[in-house]
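# Structural description and commentary
Chain by chain, the residues:
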Amino acid sequence: MTYRRTQRLAVAVIVLALILISAVTGCGQKTSLDVEQSSVTDGYIDFDGFTGESPSAAEATKHLYKEYSEYFLLDADADLISEPVDSLYAAPVKFDTAAVIEMFMQAENPTPETSDGIEVYYNVYDGEEHIEHMSIGVNGGSIIYRNIGFTKGVKFPTENFVTQKDYAFSNNGNPPYPTVYKQENLRFMSAQNAVNEVRGILTQLEIVTLEDVDVFAIDRAGMQAHQAVMMEKDPSIIGFYNIKDQFTEDDEFYILCFTAECGGIPVSSIGNQMNDRYISGSEITVYYSKQGIVNLYLSGIYTSQRSVESHEDILTAEEAADAAFGHYNRIINDFGDSIDEWLNGGKYVVIKMEFVYAPTAYSENRDEVLLVPAWELTVKWHTLTDRYYGNEYDICDVLTVNAVTGEIM
């Protein structure tokens, strides 16, 4: 098992350039479409070069390069897929509410406060102070827990954390998290043990995940340094955050990002709006401190029911890239002469391709979900500058292509 330290998520242009240069060097001189297959012996290589146990579908990676037009470029690693791949009927996992409350909440026998028909809420107060919150999906598939007493104390330096999929490749203007966090292990527990503890809890909840885990060690020195930089660059934030004179070992925690899977294929974290129904993507993010789990976000957790159809002729990565070009070429044509301004003089660049299961609806029943084989393409199209650290970082879309039909999802 491997770990991605926080600083590895910083997708600064310099780092990205080094990655792309490395890819060019490995492939030699490129023609209109060059493919380099990774040399793999034990396990598979994911997009960041980390290894894990080999899943059943994606057994290796290859590098694809193709200049489609002046404004669209494919330059990405992509999974190699072993066919056939099944579409699966699935359902949200039904969690045992009593067991979940006992597992995570410190308060004994909290009573449900409200229900909006989608989630049941539990809130615990100490006098007027809100100290714990939990919500559990009525139809299954989701749990949110917050130890508010802990997260209030360290809110300042972790305010902008988002999910693993959206974190490095965010299109909402949030920069990559700063490189002040340099530790791999914290004093209260090693990263390996923290992952083992949380994976054991997920197993009790009957949640199956890939071996590869994103791990961020949030240490007191990093929090102190980041707070100082933010206060210096933007004093107006004082009053909006919980400023601490001195962070301590009690404030330290790991952020652990797991990936749900079915049959060794990751389940997409990207949700789908189907008419009046939203189908959640799968997200698993856990904050783990010396107190245990202090923040938990589980959404779109599904269990496979049965196979619908076995697909012998799955869309290749190259064909998925062709479909993506068709989608973006329409956007390019719509912008006309203003496309250069929109792209800030750049182009759309596919920098990552991952084979996934995409959750979709196939009936009106909210207990029924169809997991469809799909390609997820990370498409860089703009850069911004981090106002605190001055680093340039990429703004990216994530485009999903149905690997059975070729349609954009």
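This text goes with the structure placed above it.
Residues numbered from 1 in each chain as written. Predicted model: local features only at pLDDT ≥ 70, side-chain atom pairs only at ≥ 80, totals over all residues. Heavy atoms only, no water.

Our focus in this paragraph is the side chain of S142. On the secondary structure map, S142 appears in the loop between β10 (129-137) and β11 (143-147). Look past the residues within four positions of S142 in its chain and what remains in contact with it is F95, E119, S135, I136, G137, L298 and S299. (Helix = DSSP H or I, 4+ residues; strand = E, 2+ residues; numbered from the N terminus. Contact = heavy atoms within 4.5 Å.)

With 19 residues, helix α7 (residues 317-335) should reach 27 Å at 1.5 Å per residue; the first-to-last C-alpha distance of 27 Å fits that figure. Of the residues making up α7, those classed as buried are A317, E318, A320, A321, A324, F325, Y328 and I332. The arc that holds the buried residues of α7, viewed along the axis, is 140 degrees, so those residues lie on one side. Away from its buried face by more than 90 degrees, α7 exposes R330, N333 and D334. A positive backbone phi angle near 60 degrees is found at G336, which sits one or two residues after α7. (Expected span 1.5 Å × (residues − 1). Buried < 20%, exposed > 50% of the residue type's maximum accessible area, 1.4 Å probe, protein only. Arc of directions from axis to C-beta.)

Here we come to the nonpolar core. What tends to happen in soluble globular proteins is that the nonpolar side chains get buried as a cluster. Core analysis: the largest hydrophobic core is formed by 79 residues, its most contacted members being M134, M353 and W375. Membership of the second largest hydrophobic core comes to 12 residues, among which are F150, V180, M223 and I255. (Core = buried A, V, L, I, M, F, W, Y, C linked by side-chain atoms within 4.5 Å.)

Further remarks concern a negative patch on the surface. Negative charge collects at one region of the surface, where E83, E312, D313, E319 and D322 lie side by side. As for its position among the elements, D322 is in helix α7. A residue is classified by how much of its surface remains accessible, and D322, at 37% relative accessible area, is partly exposed. (Patch = residues over 30% accessible without salt bridge, like charges linked within 9 Å, V, L, I, M, F, W, Y side chains within 5 Å. Areas by Shrake-Rupley, 256 points an atom, 1.4 Å probe, with all protein chains shown as cover. Salt bridge = Lys/Arg side-chain N within 4 Å of Asp/Glu carboxyl O. Lys, Arg positive; Asp, Glu negative; His and termini not counted. Charge placed at Lys NZ, Arg CZ, Asp CG, Glu CD.)

This brings us to the pairing of strand β6 (residues 72-81). The element β6 is extensively covered by neighbouring structure, given that seven of its 10 residues are classed as buried. With five bridges joining them, β6 and strand β21 (residues 348-360) adopt parallel strand pairing. Paired with A78 across the bridge in β21 is M353. (Pairing = 2+ DSSP bridges.)

In this model, E206 sits at a positive phi of 65 degrees, which is unusual for a non-glycine residue. Mapped onto the fold, E206 is located in the loop between α5 (191-204) and β12 (213-218).

A word on the pattern of salt bridges. Overall, the coordinates contain four salt bridges when judged by the stated rule. Two residues, D251 and K244, come together in a salt bridge whose shortest N-O distance is 2.9 Å. By relative accessible area, which is 22% here, K244 ends up partly exposed. Here K290 and D250 are joined by a salt bridge, their closest N and O atoms 3.0 Å apart. Taken together, the positions of K290 in the loop between β18 (283-289) and β19 (292-299) and D250 in the loop between α6 (220-233) and β13 (253-258) put the pair 40 residues apart, joining distant regions of the chain. For K290, a relative accessible area of 43% puts it in the partly exposed group. The class for D250 is partly exposed, based on a relative accessible area of 44%.

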